[in-house]
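Spelled out, the chains give:
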Amino acid sequence: MSAHRRPQLPGGHTLARALLLTAAATTAVGVTVGTGAYATPAAPADPSWRTADVRAKVDRLYEEAEQASERANAAAEDQKRLQTEAGQLQDQIAAGQDQLNGLYTDLATAAAAQYRDGGLDPAFRLMLESDPAGYLTRARALDQAATRQSDTLRQVLDRQRRIDQRRAEAGAKLAELEDVRRSLAGHKDEVRRRLGDAQRLLGGLTTAERVRLATADAADAARRAARGADRLDLGDQPPSSDRAAAALAAAISKIGSPYVYGSTGPRAFDCSGLMYWSWRQAGVTLPRTSQAQAYAGRRVSLSEARPGDLVIFFKDMHHVGMYAGGGVVVHAPYPGARVRYENVSAMPVSGVVRV
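Attention in this report is confined to the structure presented alongside it. All chains use their own residue numbering, which begins from 1 and follows the written sequence. Local features in a predicted model are, by the rule used here, given only for residues with pLDDT of at least 70; side-chain atom pairs are given and counted only at 80 or more, and totals for whole chains, interfaces and linings are based on all residues. Processing note: side-chain calculations cover all non-hydrogen atoms of the structure and skip hydrogens and water entirely.

## Focus on the overall build of the protein
Here's step 1: The way it works is that DSSP assigns letters per residue, a run of H or I at least four long becomes a helix, a run of E at least two long becomes a strand, and they are numbered from the N terminus. Secondary structure summary: the protein contains eight helices and six strands in total.
Here's step 2: In sequence order, the secondary structure elements of the protein are arranged as α-α-α-α-α-α-α-α-β-β-β-β-β-β.
Here's step 3: Only protein chains enter the accessibility calculation, which uses a 1.4 Å probe. A residue is then buried if its area is under 20% of the maximum for its type, exposed if over 50%, and partly exposed in between. The buried share among the 355 residues of the protein stands at 40%.
Here's step 4: Accessible area for the protein stands at about 18,400 Å²; split by element, carbon and sulfur atoms hold 54% of it. Shrake-Rupley sampling with a 1.4 Å probe provides the accessible areas, and residues are treated as covered by the protein chains on show and by no other component.

Take a look at the structure:
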């Protein structure tokens, strides 16, 4: 970006903004918060020490909540996949059983026919037969029927083996699905705990500390308002493709939408949900989680980033935004915040992906 117009966009999470918005975020995931205050060390003479300590703890809790949220997203995707696969196996078992029942019917019919024909030795039957030529013709037909019967029996055994295999696979899928359901519930509980802890921290602030944070938040909001999107210099670098341009336009159109964990729009988003929804508007279906989106295309360096590229943040890749140009990304930041522009240097970059 050119030095004279580059915006210095807000960096990390701001506690004052969290103070105003955490209640809405926790309501979105059904958090029920008790009255106990989060334990904090005794404040020294400088009152800013306590607010700085709370700020750091809340920022950490929000990051941990987002990590848990992405794990929950991954578990939800696994659950859908396993449900589909288990359903397909059940359909295959039902179809195979119908075919097996038909084969059993064929065998029963053939066995009944043999019983009616009696069990005399073929040589004696030929001696007693008034029409030997006709008997030989019928014998050849019976031999062919026996061959068909043998083939049918082999089909029965093979079909039964396949059904047993499908049943074993379906049982394993259903057991895995149950594990994933428990994992999903655990990750959701973790998100609620982290957000609840953050709210308790904020609830433990004194009135004076709340006023001080609210004042700082108002000042920060005023500074951000002075750097509106109409004055934001995103540079003139073109997107990497028409689809990337469409995805970026979709993401920018959602600036101001709230962050709600697990959401993929169109009114609320989490970080990977915004990328998923935006690229869907361009006709591309991305994986659901930031970790999976990190492998959804070709890796490029940050210096090569072009508008529409995915920017993956943090070592564990639990956050993602979309490069908008000029060293800026558009992303859904964290619970309680809204979709916004952010300087790409606000968080450690893990990689850049061109879809």
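## Notes on the nonpolar core
Here's step 1: W279, L310 and M322 are the most contacted members of the largest nonpolar core, which totals 51 residues.
Here's step 2: Within the residue set of this core, elements represented by two or more residues are α2 (47–117), α4 (132–203), α6 (242–253), α7 (271–281), β2 (310–313), β3 (319–325) and β4 (328–331).
Here's step 3: The dominant element in this core, judged by the number of residues it contributes, is α2, at nine residues.
Here's step 4: For W279, the contacting residues outside a window of four places in its chain are R243, A244, A247, V284, L286, G308, L310, M322 and V355.
Here's step 5: Definition of nonpolar core: a set of buried residues of the types Ala, Val, Leu, Ile, Met, Phe, Trp, Tyr and Cys, connected through side-chain atoms within 4.5 Å. V300, F313, V329 and V344 belong to the second largest nonpolar core, which has 10 residues in total. Should any heavy atoms of two residues lie within 4.5 Å, those residues are counted as being in contact.

## Points about the environment of K57
Here's step 1: Topologically, K57 is positioned in helix α2.
Here's step 2: Residue class for K57 comes out buried when judged on its relative accessible area of 15%.
Here's step 3: Spatially, the C-alpha atom of K57 lies 9.4 Å from that of D197, the residues being 140 residues apart in sequence.

## Section: the pattern of salt bridges
Here's step 1: In what follows, salt bridge is the name for a side-chain nitrogen of Lys or Arg lying within 4 Å of a carboxyl oxygen of Asp or Glu. One pass over the full model with this rule turns up 13 salt bridges.
Here's step 2: Put simply, E190 and R194 hold a salt bridge, and the shortest N to O gap is 3.4 Å. Of the two residues, E190 and R194 both sit in helix α4, four residues apart, roughly one turn of that helix.
Here's step 3: The closest approach of N and O atoms between D270 and R288, which form a salt bridge, is 3.1 Å. Of this pair, D270 sits in the loop between α6 and α7 while R288 is found in the loop between α7 and α8 (290–293), placing the two residues 18 residues apart along the sequence.

## Digging into the packing of aromatic side chains
Here's step 1: To pair, rings of Phe, Tyr and Trp, with the six-membered ring standing in for Trp, must have centres within 6.5 Å; the planes then decide the type, stacked if under 30 degrees apart, edge-to-face if over 60, and tilted in the middle. In total, this model carries one aromatic pair according to the counting rule given.
Here's step 2: Note on F269 and W277: the rings are 5.6 Å apart at their centroids and 65 degrees apart in plane angle, and the pair reads as edge-to-face.
Here's step 3: According to the relative accessible area criterion, F269 is buried, its value standing at 0%.
Here's step 4: Note on criteria: charge over ring means Lys NZ or Arg CZ within 6 Å of the ring centre, with the direction from the centre no more than 35 degrees off the ring normal. The lysine or arginine in question, R299, covers the ring of Y295, its NZ or CZ lying 5.6 Å from the ring centre.

## Considerations on α6
Here's step 1: By this rule the span expected of a helix is its residue count minus one, scaled by 1.5 Å. With 12 residues, α6 extends 17 Å between its outermost C-alpha atoms, agreeing within 8% with the 16 Å of an ideal straight helix rising 1.5 Å per residue.
Here's step 2: When α6 is considered as a whole, its buried residues turn out to be A244, A247, L248, A250 and A251. Down the axis of α6, the buried set is contained in an arc of 160 degrees. They therefore lie on one face. α6 presents D242 and S253 as exposed residues on the side facing more than 90 degrees away from its buried surface.
Here's step 3: Buried residues in α6 make contact with α7, β3 and β4. This arc corresponds to the set of directions leading from the helix axis out to the C-beta atoms.

## Comments concerning the packing of α6 against α7
Here's step 1: Between N-to-C directions, angles cover 0 to 180 degrees, with each direction set by a line fitted to C-alpha atoms, over the stretch in contact for helices. Following both chains from N to C, one finds α6 and α7 inclined at 130 degrees, their axes separated by 7 Å at the closest point. Put simply, α6 runs oblique to α7. As α6 runs across α7, the sense of the crossing is right-handed. Seen from α6, the contacting residues are R243, A244, A247, A250, A251 and S253; seen from α7, they are L274, W277, S278, W279 and Q281.
Here's step 2: Broken down by class, the residue content of the contact of α6 with α7 amounts to seven nonpolar, three polar and one charged. Any angle that is under 35 degrees is reported as roughly parallel, and any over 145 degrees as roughly antiparallel; angles of 65 to 115 degrees are reported as roughly perpendicular and all others as oblique. In a left-handed crossing the near helix is turned counterclockwise from the far helix by less than a right angle, and in a right-handed crossing that turn is clockwise. Polar here means any residue outside two lists: the nonpolar Ala, Val, Leu, Ile, Met, Phe, Trp, Tyr, Cys and Pro, and the charged Asp, Glu, Lys and Arg; Gly therefore counts as polar.

## Overview of the environment of A185
Here's step 1: Tracing the sequence through the fold places A185 in helix α4.
Here's step 2: Spatially, the C-alpha atom of A185 lies 9.1 Å from that of A75, the residues being 110 residues apart in sequence.

## Here we look at the sheet that holds strand β6 (residues 349–354)
Strand-to-strand pairing in sheets goes through backbone hydrogen bonds, with the strands running parallel or antiparallel.
Here's step 1: Two strands pair if DSSP finds at least two bridges between them. Spatial strand order, β1-β6-β2-β3-β4-β5: six strands in an open sheet with antiparallel pairing. Both outer strands of the open sheet, β1 (298–300) and β5 (340–343), are each paired with one neighbouring strand and no more. Between one strand and the next, the sheet's axes are offset by a mean angle of 40 degrees, whatever the strand orientation.
Here's step 2: Sheet strands in contact with α6 are β3, β4 and β5, and its direction is about 110 degrees off that of β3.
Here's step 3: On the sheet, α7 packs against β2, β3 and β4 and is oriented at approximately 50 degrees with respect to β3.

## Brief notes about the pairing of β4
Here's step 1: Of the two faces of β4, the one lined by V328 and V330 and the one lined by V329 and H331 are each fully buried.
Here's step 2: Relative to β4, β3 runs antiparallel, the two being bridged by three bridges. Of the residues in β4, the one forming a bridge with G325 is V328.
Here's step 3: The hairpin formed by β3 and β4 contains two residues between the paired strands, and G326 there has a positive phi angle of roughly 65 degrees.
Here's step 4: Pairing between β4 and β5: four bridges, direction antiparallel. Paired with V329 across the bridge in β5 is E342.

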